[in-house]
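Residue-level listing of the chains:
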Amino acid sequence: MGDYNDSNRTRRVAGERSARVEVDEEIRFHLHMMTAFYVRQGMTKDDARRAAEKRFGNTDRYRKNLAHAHHRSKRRLAVLTAIGHLREDFRFAFRNARRSWGFTLGIALTIALGVGANATMYGIIDRILLAPPPHIQQPEQVKRIYVQRAFLGNTVVSSYITHPDYRDWTVAESFQSVAALARSARTLGHGEEAQRVQTVFATASLFPLLGVTPYRGRLFVPEDDVIGATPVAVLGHEFWRREFGASYDAIGQMIDLGPDRFIIVGIAPRGFTGVDLERVDVWLPLHSENDAERWEDHRGYYWIQSIARLRPGIEPGVAAAEATALHRAGRAESRNYDRDASVIVAPIMAASGPNASDAFTVARWLAGVSIIVLIIACANVANLLLAQGVHRRREIAIRLALGVSRARLVRQLLTGSLLFAMLGAVGAVAIAKLGGDLVGSVLMPNVDWSLGVVSGRVLVFTLAVAALTGLAAGLVPATQSSRGDLVSGLKDGGTGGVVRRSKTRVAFLIVQAALSVVLLVGAGLFVRSLDRVRSIDLGFDPERLYVATLQAEPGALDRTARIRMHENALERVRSLPFVEAASIVRSVPFRSSIGVRLRAEGLDSIPRLTSGGPYINIATPGYFETMDLRILRGRAFSTADVVGAPRAAVIGETMARHFWPRDDALGKCLYIGGEDPPCTEIVGIAEDMRRQAVIEEAQLLYYVPAAQNPDEWDPRGIFVRTRSEGATIRSALRSDLYASEPSLRFVTVNLIGDFIAPHLRSWRLGATMFSAFGVLALVVAAVGLYSVLSFEVAQRRAEIGVRAALGATGTSLVRWVVADGVRFVAIGIALGGAAAFFAGRAIQPLLYETSFRDPLTYGVVAATLLAVSVLASLIPAMRTTRVQPSEALRAE
Amino acid sequence: MPQSDDLNLLRGTLDLLILKAVAHGPRHGYGVVRWIAEQTEDELQIEDGALYTALHRLERRGLLSSKWGMSAAQRRAKFYTMTAKGRRQLEKSESTWNRYAAAVSNVLTAKPE
């Protein structure tokens, strides 16, 4: 009887109709025969028919039931058969994979790398861009509020508002609830053990708005959020684990932050960071902030941000319009620039709103790059599978001859590549975990990654991409292999006497080479940018330059005492053996700057630059020496510049040039500050320096000595240049400073480089990631080239044998093979170079003083690729010389 | 309508009869109906439709397999054949039936004490 399915192959069309047709036909036959029987018994045709039908029973009912049952059983059978096929296919694929496990490993690894890179970037992008912060109910209804204002002719969008502004919105109909919050940092503990903690001040409405429930204890209630209420705190989960050892006794304890002590009332759930991504150590009620009485009703303190939950059914546009009206009405009496302000209601993810930072842009680029890597991996895997397909020609030919349908064969081969893909997926998840943690901590170190980069969504993504990769990579090889020529496949032992250079394989190879070029060019451009940025002259010398800030107990010291404390500290620090120079400053470059009223001799108005200013810094003598800021003309401050002596100032050369373009600035007067100030003579011109960013426009900077400005003098930091660098230096400085003043609450010591590094982050990351991916792509492409060429060599042994027999020398054979490989790669380089050229335009804004057309980069990349291709071709090429002509010919 | 116990007994018996019908070679549905009618001298009083239901059920259980072919009169008909599983079931049912019949027979022919 054979295989039910095979004999009924034409009937395999499922469907109630075919089952019904069958049943109808069977019944029809029966009734016909039964009628004929009765006719033979002597009945008339009609009577016979009636009798037959009577015997049968309710024909319609039987017909329907039989058809239904028949259909169901056919379907079940089809499913069982399909499952059986699938199991068989998998077993076949598994056996095949195990037989050549090195090959399997290679493919799985390639897929793991390609998919892993993508999973990593997807995990990061998902966290910062797509998935809302955890523990928020219905996050699509929660919005960030921005205010768009006109300022000096420009439109500025900012999320910072005043407390009265926030209050205006609490009556909005469109908002179900509104909340406000502000990030801050407080000092926990005392002395050398003290540390900075990240705090967020929040209105009591924040937690209910977000819909978050406490992990333990309680969250804020409205009674906590009034001036004068007992100060309470909610701990962030990670902070609680770290500082309180995850003990539930923490609730009810006091925590000492800054001038106040707070009672801990609750612990936030794991990974909860409010609406931002940065970690939060402690949540405090908004009105527990020290200056609450000052900012409560003041329209000048822009220090909080606001979020709102839309009422269900309200469109963001409608809400924005209402909020704008309320905002303007509330500010009707205030200053000009706010009067025409408008409110923007934006999605909760800061990365997709206005003012998204650079890091997000870089992350998006990296996602694009990882897709390129995946394509390369795909092409490589496809090539490897094609090669394997040729190896298995005989086996495939036999199967086809035995009657396996082509479709079935393709399915089997695809199952095989799917199996590889699943193995690769496991590796990819591991890579995503490691890579995600790495990239996350490098690209956005402030973000709370405690929930890990690999979430459920990332796992689903990984599996899906791996499956797609497996299918995509396996499709062409599967269809090609199954198209095998039966006769030749069976005849020639699997290696093929007829040489047919696979155009497909060559095409894949060229694609790999081209994409590698694109990545490497990107890498090169970023590396050059990074190099250029790193070598920007900051004006001052950042090497071995530390910034120390001293923080006393709030309220413990008045200004005079603070000045004296800093001067004592300066004395001590200067006497340390490893210190070259030190100076106290009013504003720390890269941290803050100040500007005051200024008039200049001979000028009606002060020239302005787009960078603002002019910016003043007050410092002790030794500033220029400590910072290594050259005095171009004139002199720096000295200890002679005290009250009573002629007032002196040093200005930057840009300021000198802009204020007095045709005159010498030395000797000119500056009139600094409020009511009719005296003349401050310019005694020196210093070289320019960066004020707060590595890349910024020209700045107007000037300096005055602390001794001559006692009223404005407010020390903020001590600059120290040491003879050498290192952790020991840092802790020695710190200890010494602590020892200098017993009432010190907290001391920070940082290399100035720590403040500069964030500015370089995007280039550094771009350079690192592009290079990493580029090298990866190169390796993959090289391996691909090597495998294709080895294959060709093995295939064409006969041809090689003939050539050798005809007198070709070893070197000419080697040259022949290498030339082949190089030719493919050269085409790829040309294509890739063109692609990089076109795509490079889009990347230009991310580069620094490097044109996307930079010829050196392209040249180096091309040379590298050619060198690698020669190397990759060499090994298979060497093999040709070992082919004995007679042996090769005999194999046929 | 027969009582439900009788129906079960009938079903079981019917299955046995059908298996026997095809034990010696494939038959189409009508052939099975005719054979049973002849063998039981049409005593069974069962609707033909019910026989077909039984045939399909046996096929679903894997005791029969079917194949479309040509009848003696060159018409398309569905032929049923016994599978190996069906053969085993038949043997088992036959032996059970025989034991049952023997037991009953013993009871019925028992001499009074």
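Conventions we followed
- Residues numbered from 1 in each chain as written.
- Chains lettered and ligands numbered in written order.
- Predicted model: local features only at pLDDT ≥ 70, side-chain atom pairs only at ≥ 80, totals over all residues.
- Heavy atoms only, no water.
- Helix = DSSP H or I, 4+ residues; strand = E, 2+ residues; numbered from the N terminus.
- Contact = heavy atoms within 4.5 Å.
- Buried < 20%, exposed > 50% of the residue type's maximum accessible area, 1.4 Å probe, protein only.
- Areas by Shrake-Rupley, 256 points an atom, 1.4 Å probe, with all protein chains shown as cover.
- Pairing = 2+ DSSP bridges.
- Buried area = accessible area lost by both parts, 1.4 Å probe.
- Salt bridge = Lys/Arg side-chain N within 4 Å of Asp/Glu carboxyl O.
- Polar contact = N/O pair within 3.5 Å; in protein donor to acceptor, adjacent residues only side chain to side chain.
- Nonpolar A, V, L, I, M, F, W, Y, C, P; charged D, E, K, R; others polar.
- Expected span 1.5 Å × (residues − 1).
- Bend = angle between axes of the 7 residues up to and from the residue.
- Core = buried A, V, L, I, M, F, W, Y, C linked by side-chain atoms within 4.5 Å.
- Phe/Tyr/Trp six-rings, centres within 6.5 Å; stacked < 30°, edge-to-face > 60°.
- Lys NZ or Arg CZ within 6 Å of the ring centre and 35° of its normal.
- Disulfide = S-S within 2.5 Å.
- Axes fitted to C-alpha atoms, helices over the stretch in contact; angles between N-to-C directions.
- Parallel < 35°, antiparallel > 145°, perpendicular 65-115°, else oblique.
- Left-handed = near helix turned anticlockwise from the far one by under 90°.
- Patch = residues over 30% accessible without salt bridge, like charges linked within 9 Å, V, L, I, M, F, W, Y side chains within 5 Å.
- Lys, Arg positive; Asp, Glu negative; His and termini not counted.
- Charge placed at Lys NZ, Arg CZ, Asp CG, Glu CD.
- pLDDT = per-residue confidence, 0-100.

### Describing the overall build of chain B
- When helices and strands are counted, chain B shows 4 helices and 3 strands.
- N-terminal to C-terminal, the α/β element order of chain B is α-β-α-α-β-β-α.
- The contacts of chain B with a sequence gap of at least 6 include a subset with a gap of at least 24, amounting to 50%.

### With respect to the overall build of chain A
- Of regular secondary structure, chain A possesses 26 helices and 23 strands.
- The 892 residues of chain A split such that 50% are buried.
- Of the contacts formed within chain A by residues at least 6 apart in sequence, a portion of 80% connects residues at least 24 apart.
- Of the roughly 41,500 Å² that chain A leaves accessible, carbon and sulfur atoms contribute 57%.

### Overview of the pairing of strand S2 (residues 64-70) of chain B
Residue and element names in this part refer to chain B.
- Bridge count for S2 against strand S3 (residues 76-82) is 7 bridges, and the pairing is antiparallel. Within S3, the residue paired with Trp 68 across the bridge is Lys 78.
- Counted between consecutive antiparallel strands, the loop separating S2 from S3 contains 5 residues, among which Gln 74 sits at a positive phi close to 60°.

### What to know about the interface of chain A and chain B
- Contact residues are listed per partner, giving 21 residues for chain A and 24 residues for chain B.
- Between chain A and chain B, a total of about 2,500 Å² is buried, with carbon and sulfur atoms accounting for 55% of that surface.
- Remark: the boundary between chain A and chain B carries 3 salt bridges.
- One salt bridge in this structure joins Glu 25 of chain A and Arg 76 of chain B, with 3.1 Å as the shortest N-O distance.
- Linking chain A to chain B there are 12 residue pairs in polar contact (both at pLDDT 80 or more).
- Secondary structure elements with two or more residues in the side of chain A that touches chain B: helix H2 (16-41), helix H3 (45-56) and helix H4 (59-99) of chain A.
- Among the elements that line the side of chain A that touches chain B, the one with the most residues is H2 of chain A, at 10 residues.
- A per-class count over the side of chain A that touches chain B returns 11 nonpolar, 5 polar and 5 charged.

### Brief notes about the pairing of strand S11 (residues 304-310) of chain A
Residues and elements named next belong to chain A.
- Summarising burial for S11: 7 of the 7 residues are buried, a large majority.
- Here S11 shows a buried face lined by Ile 304, Ser 306, Ala 308 and Leu 310 and a second buried face lined by Gln 305, Ile 307 and Arg 309.
- Examined bridge by bridge, strand S4 (residues 175-188) and S11 share 6 bridges and lie antiparallel to one another. If you follow Leu 181 over to S11, its bridge partner there is Gln 305.

### Overview of the sheet that holds S2 of chain B
- Here we have 3 strands laid out as an open sheet, ordered S1-S3-S2 (chain B), and antiparallel in their pairing. The open sheet is flanked by strand S1 (27-28) and S2 of chain B, the only strands paired with a single partner.

### What to know about the environment of Asp 820 of chain A
- Assignment of secondary structure puts Asp 820 of chain A in helix H24 (residues 810-843).
- Spatially, the C-alpha atom of Asp 820 of chain A lies 9.8 Å from that of Val 870 of chain A, the residues being 50 residues apart in sequence.

### Overview of unusual backbone geometry
Residues and elements named next belong to chain A.
- Phi at Phe 590 takes a positive value of approximately 75°, unusual for a residue other than glycine.
- On the basis of relative accessible area, Phe 590 is assigned to the buried category, the value being 9%.
- At Glu 849, a position not held by glycine, the phi torsion is positive, near 50°.
- Positionally, Glu 849 belongs in the loop between H24 and helix H25 (855-881).

### So, helix H15 (residues 456-482) of chain A
Residue and element names in this part refer to chain A.
- Compared with the 39 Å implied by 1.5 Å per residue over 27 residues, the 38 Å span of H15 between its first and last C-alpha is a close match.
- Remark: the principal bend of H15, roughly 40°, maps to Gly 474, with a proline, Pro 477, within the next four residues.
- Listed as buried for H15 are Val 458, Thr 462, Val 465, Ala 466, Thr 469, Gly 470, Ala 473, Gly 474, Pro 477, Ala 478, Ser 481 and Ser 482.

### With respect to the nonpolar core
All names here are of chain A.
- Counting residues in hydrophobic clusters, the biggest one holds 114 residues, and the most contacted among them are Ile 128, Leu 210, Trp 283, Phe 540 and Tyr 703.
- When residues in this core are grouped by element, the largest group, 16 residues, is from helix H22 (residues 752-795).
- Not counting the four nearest positions on each side in its chain, Phe 540 is found in contact with Leu 545, Phe 590, Met 627, Asp 628, Leu 629, Met 689, Arg 690, Ile 752 and Ile 756.
- Residues Ala 194, Leu 550, Leu 700 and Phe 746 belong to the second largest nonpolar core, which totals 46 residues.

### Observations regarding the packing of aromatic side chains
All names here are of chain A.
- Scanning all chains against the criterion turns up 22 aromatic pairs over all chains.
- Their ring planes at 55° and their centres at 6.4 Å tell us that Phe 837 and Tyr 858 sit as a pair that is tilted. Of this pair, Phe 837 sits in helix H24 while Tyr 858 sits in helix H25, and the two are 21 residues apart along the sequence.
- Here the basic side chain of Arg 61 rests over the ring of Tyr 62, its NZ or CZ set 5.5 Å away from the ring centre.
- Over the ring of Tyr 248 we find Arg 216; its NZ or CZ atom is 3.7 Å from the centre of that ring.

### What to know about the state of the cysteines
Residue and element names in this part refer to chain A.
- This model, assessed by the stated rule, comprises 1 disulfide over all chains.
- Cys 669 shares a disulfide with Cys 679; S-S distance 1.8 Å. Handedness here is read from the sign of the S-S torsion; for Cys 669 and Cys 679, about -80°, the answer is left-handed. Of the two residues, Cys 669 sits in strand S19 (residues 669-672) while Cys 679 sits in the loop between S19 and strand S20 (680-686), which places them 10 residues apart along the sequence.
- Cys 679 gets classed as partly exposed once you look at its relative accessible area, which sits at 30%.

### Describing the packing of helix H17 (residues 503-534) of chain A against H25 of chain A
All names here are of chain A.
- For the pair H17 and H25, interaxial distance at closest approach is 9 Å and the crossing angle is 135°. With respect to their mutual orientation, H17 and H25 come out oblique. The two elements H17 and H25 cross, and the hand of that crossing is right-handed. Residues Ala 513, Ser 516, Val 517, Leu 520, Val 521, Gly 524, Leu 525 and Arg 528 of H17 form the contact with H25, whose own contacting residues are Leu 856, Thr 857, Tyr 858, Val 861 and Leu 865.
- Along the lines of polarity and charge, the residues of the contact of H17 with H25 split into 9 nonpolar, 3 polar and 1 charged.

### A few points about a positive patch on the surface
- On the surface, Arg 72, Arg 75 and Arg 76 of chain A together with Arg 60 of chain B cluster together into a patch of positive charge.
- With respect to the secondary-structure elements, Arg 72 of chain A resides in helix H4.

### Considerations on the side chain of Arg 149 of chain A
- Looking at the element boundaries, Arg 149 of chain A is found in strand S1 (residues 142-151).
- A polar contact of 3.2 Å, which involves the side chain of Arg 149 of chain A, links it to the backbone oxygen of Tyr 160 of chain A.

### Topic: the confidence of the model for chain B
All names here are of chain B.
- Looking at chain B as a whole, the pLDDT averages 85, with 89% of positions reaching at least 70.
- Predicted confidence in chain B is weakest over helix H1 (residues 4-22), with a mean pLDDT of 77, and strongest over S3, with 92.
- Interface confidence for the predicted complex, expressed as ipTM, amounts to 0.88; the pTM equals 0.66.

### Describing the confidence of the model for chain A
All names here are of chain A.
- Taken over all residues, the pLDDT of chain A has a mean of 83, while the share at 70 or more is 92%.
- Segment residues 1-14 is flagged for pLDDT under 50; beyond a separation of four residues in sequence, or across chains, it makes 12 contacts in the model.
- Counted against residues more than four places away or in other chains, residues 493-499, with its pLDDT under 50, gives 13 contacts.

### Looking at the packing of helix H2 (residues 29-39) of chain B against helix H3 (residues 48-60) of chain B
Residue and element names in this part refer to chain B.
- Direction vectors running N to C along H2 and H3 enclose 120°, while the axes themselves pass 10 Å from each other. It follows from the interaxial angle that H2 and H3 lie oblique. In this structure, H2 crosses over H3, and the sense of that crossing is right-handed. Taking contact as the criterion, the partners of Gly 29, Tyr 30, Val 33 and Ile 36 in H2 are, on H3, Asp 48, Leu 51, Tyr 52 and Leu 55.
- Considering only residue class, the contact of H2 with H3 consists of 6 nonpolar, 1 polar and 1 charged.

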